[in-house]
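Coordinates in review
Residues per chain are reported as follows:
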Amino acid sequence: MDGPAGPSPCQLKGRGEVTESMERLSVDDSNSCQSDSCQCDRIQSEVKINNKRYGRGAVESGLTHECGVFGAIGTGEWPTQVDVAQVICLGLVALQHRGQESAGIVTSEGKSARTFNTHKGMGLINNIFNDEAMKKLKGNLGIGHTRYSTSAASEEVNCQPFVVHTAHGALAVAHNGELVNCSSLRKMVLGRGVGLSTHSDSELITQALCLNPPEGETDGPDWPARINHLMRLAPLSYSLVIMLKDKIYAVRDPYGNRPLCLGKILPLGSSFLMNGCAKNGLEDKAEGWVVSSESCGFLSIGARYVREVLPGEILEMSRRGVRTVDVVERPAGKYQAFCIFEYVYFARADSIFEGQMVYSARLQCGRMLARESPVDADIVSSVPESGTAAAHGYARQSGIPFMEVLCKNRYVGRTFIQPSTRLRQLGVAKKFGALSENVRGKRIVLIDDSIVRGNTIGPIIKLLRDAGAAEVHIRIASPPLKYPCYMGINIPTREELIANKVDSFKLAEYVGADSLEYLSVEGLVSAVHYNMKVAPSDGVGGHCTACLTGDYPGGLPDDIDW
C-alpha cells in the first residue's frame, strides 16, 4: 500500500539514496528547491490557504467536489403525461458516477408558488428513491442533484437541491461546481442580513438569488436579471438548474467551465434514435425538455440530445418550450475554459461534449500517447474503465494487441472520489483481480487515465507481478497533475499531488513499474481538439488546463479559501 507523497526530485538530490517504500518518504518543506527550472514550490508562493477554509467539512485532505445536476419539465397542457420525477431519477442514475454521497429531487405541480415536493437523502440514488418516495414527488417540472463533496461536510443538511422560501414564492437550486470567490460573496450576503445555515456555496447561490438586482424591480421579481447579477458577482465555476413555480432556468458560467446540455423528450415510438443526437434539435414536437450535466442518460429516458447550454447562457424552460433569455459575456480578454479533465476522467464515455463523444477523445489520447511514449511489449491493457478507451487507441496506433488483464468488481465505488484516504486504499485492495492466463509471462503496457496521489497504481502493479507479468510499463493518458483545482473537481492540495514530489522515472521505481510516462499537455489538447466539430478560435472551444499548467482561467483571486 502506497503511503503519502514524497519529496520533490530536487530534494532527493544530494540525499545519496532513494528509499524503496513510499511509506518511508516524508516532505521536508524547509529544504526548498534552488533550481530555476523546478516548479515544485511555484504554487506555494502563489496560493495561501485561508484558515477560514478549515471547518468546512473534510478539508484536511484538500478535496473539493464534483456533482451532477438534472432538470425536467413537461410541455403543453398540465398535468403532463411525462412522469417528471421518474425521468429525473433515471437521469440522476445516469449521473451517479459524478457523486455517490447524497442526492435529492424537488418537484413542482406548477400551481402553488409556496410549496414544492422534496425528497433528499444520503447514499446512492436507488437506495434513496423508493416507491413511497417517488409517489410523493408529483409534479410537472422538477430538478435533481447527485453529490460528492468536501467543500461542505458530508451531511444530510448539505444535500441538494436547496429550497428557500422568498416573498415571491419557493425557489430551488441545484449546483455543480465551486465558486471561486465564495468568501467575498459570503461576506456580501451576510452583510445584507441574510442568514446561512450551511458552509455550502450552493446555499450561498440560492440566497444570493433572493437579493434584488442593482437596477431594481418594478413588477415583481425579475429572475433573469437576478441570475445575471449573480453571474457578474461570481463569474465561475458553476452549472445551475433553478426552479420556480412553473419555470426552470438552466445556467452555465461565462467561462463554460462546468458542463450542461439540453435534451428533448419525444413521444414514445418516435424514430429519433440517431446516435442520441438531433439533426437540428428542433424539428420534432416535444413532450418535455430536460437539462443535464451530461447527455449520457438521455436515451434511457426517451430524450434526444439537442445541444450544449452555451457559456454564460441563461436558458428558460417552461410549458411553452425553451428560450434563451440572456447571455452573460466573459470579461474582456478572457477565453472559454471548459474543464479538460471532464474528458480525461469524470464524464461517462458516451456523453457528448463540444460535438464529440468523450470516448472518441479518450481514444485519440491513447493514439497520441503511443506516438509520444512507445515501448516494446506483448499486450496493451487498461485500468478499467476510464482508461480502456485510451488503451484501445494506444493498441491501434502501436500495433500491439489489446487484451484485458484486470477484472473489476463493479460494486466498489471509484477510489478517486471517496473522501477518506483509508477508504481509497481499501477500495484499491478489493477493486480488482488479475486475469492470470492473460498476464503470465507477458510484457504489459498498462494504460490509466491519471495519477493523483500515487497510492492506487502500486497495488495494481503488484497484483499483475504476482500473477506472473514479465514487465509492467505504465502509460498515463493525461499529463501530470501538479496544481489544485478550486473550480469543483476533486483534485487535492499540492502536497498530495505525487507529480510535485517525484518525476516519472522515480515514480516508476516507487510503484514497481518497469517504466512510467505521461501524455504531454500538448498531446492532450491536440487529442481533444481532433474530433471537435468547431475548431477552437476567438476564445471559443478553449479548455481549462489549470490542474496541469497552473494557468487558471480567471486568475487567482485574493480571497481564495483553499
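Residues numbered from 1 in each chain as written. Predicted model: local features only at pLDDT ≥ 70, side-chain atom pairs only at ≥ 80, totals over all residues. Heavy atoms only, no water.

Things to note about the sheet that holds strand E4 (residues 141-147)
In plain terms, the rule: Two strands qualify as a pair provided that DSSP identifies no fewer than 2 bridges between them. Put simply, DSSP marks the helices as runs of H or I at least four residues long and the strands as runs of E at least two long, and each gets a number from the N terminus on. For every element, the axis is a line fit to its C-alpha atoms; helices are fit only across the contacting stretch, and the angle between N-to-C directions ranges from 0 to 180 degrees.
Strand order in the open sheet formed by seven strands is E3-E2-E4-E1-E10-E9-E11, and the pairing between neighbours is antiparallel. With one partner strand each, in any of the chains shown, strand E3 (117-122) and strand E11 (303-308) form the two edges of the open sheet. With direction set aside, neighbouring strand axes in the sheet form an average angle of 15°. Here strand E9 (residues 261-265) pairs with strand E10 (residues 288-292) via five bridges, running antiparallel. By the bridge assignment, Gly263 is partnered in E10 with Val290.

Focus: the UniProt feature "binding site: [4Fe-4S] cluster" (unreviewed entry) in the chain
Filter applied, for reference: UniProt positions are given in the numbering used here, feature names are shortened, and annotations may be inferred rather than shown by experiment. Any pair of residues with heavy atoms lying within 4.5 Å of one another is described as a contacting pair.
In the numbering used here, UniProt assigns the "binding site: [4Fe-4S] cluster" (unreviewed entry) feature to Cys339, Cys485, Cys544 and Cys547. A compact arrangement is adopted by the annotated residues: their sequence extent is 209 residues, whereas the largest C-alpha distance between any two is 10.3 Å. Examined against the element boundaries, Cys339 turns out to sit in strand E14 (residues 338-339). For Cys339, the residues in contact, after removing those within four places along its chain, are Asn257, Arg258, Ile489 and Cys544. Relative to the elements of secondary structure, Cys485 occurs in the loop between strand E21 (471-476) and helix H15 (504-511).

A closer look at the nonpolar core
A general trend in soluble globular proteins is that nonpolar side chains are found buried together. The line we're drawing: Definition used in this section: a nonpolar core is a set of buried Ala, Val, Leu, Ile, Met, Phe, Trp, Tyr and Cys residues joined via side-chain atoms within 4.5 Å. Here the term buried applies to any residue with accessible area under 20% of the maximum for its type, exposed to any over 50%, and partly exposed to those in between, with areas from a 1.4 Å probe on protein chains only.
Among the nonpolar cores identified, the biggest contains 49 residues, and Phe341, Val380, Tyr394, Ile447, Met487 and Leu524 are the most heavily contacted of them. Listing elements by their share of this core, those giving two or more residues are E14, helix H9 (341-346), helix H10 (358-372), helix H11 (388-398), strand E20 (443-448), helix H16 (521-530) and helix H17 (546-549). When residues in this core are grouped by element, the largest group, six residues, is from H10. Counting residues in each nonpolar core, the second largest holds 28 residues, with Phe432, Leu446, Ile474 and Ala499 among its members.

Some thoughts on the UniProt feature "binding site: Mg(2+)" (unreviewed entry) in the chain
When the UniProt feature table is mapped onto this chain, "binding site: Mg(2+)" (unreviewed entry) is found at Ser386, Asp448 and Asp449. Annotated residues spanning 64 residues; largest pairwise C-alpha distance 7.5 Å, indicating a single compact cluster. Within the secondary structure layout, Asp448 lies in strand E20. The residues touching Asp448, leaving out its near neighbours within four places in the chain, are Val383, Ile457, Arg475, Ile476 and Ala477.

A closer look at the environment of Thr456
One can find Thr456 in the loop between E20 and helix H14 (457-466). Thr456 gets classed as partly exposed once you look at its relative accessible area, which sits at 24%.

Topic: helix H8 (residues 223-233)
Across the 11 residues of H8, nine count as buried, placing the element largely inside the fold. Of the residues making up H8, those classed as buried are Trp223, Pro224, Ala225, Arg226, Ile227, Asn228, His229, Leu230 and Met231.

Focus: the packing of helix H6 (residues 182-191) against helix H7 (residues 201-208)
Worth spelling out the cut-off: Oblique is the label for any angle not under 35 degrees, not over 145, and not in the 65 to 115 range, which are roughly parallel, roughly antiparallel and roughly perpendicular in turn. Working rule for handedness: look at the near helix, and if it is turned counterclockwise from the far one by less than a right angle, call the crossing left-handed; if clockwise, right-handed. Residue type decides the class: Asp, Glu, Lys and Arg count as charged, Ala, Val, Leu, Ile, Met, Phe, Trp, Tyr, Cys and Pro as nonpolar, and the leftover types, Gly among them, as polar.
For the pair H6 and H7, the least separation of the axes is 10 Å and the interaxial angle reads 45°. Considering their axes alone, H6 and H7 lie oblique with respect to each other. Relative to H7, the crossing made by H6 is left-handed. Along the contact surface, H6 presents Cys182, Leu185, Arg186 and Val189, while H7 presents Asp201, Leu204, Gln207 and Ala208. Residue classes in the contact of H6 with H7 are distributed as five nonpolar, one polar and two charged.

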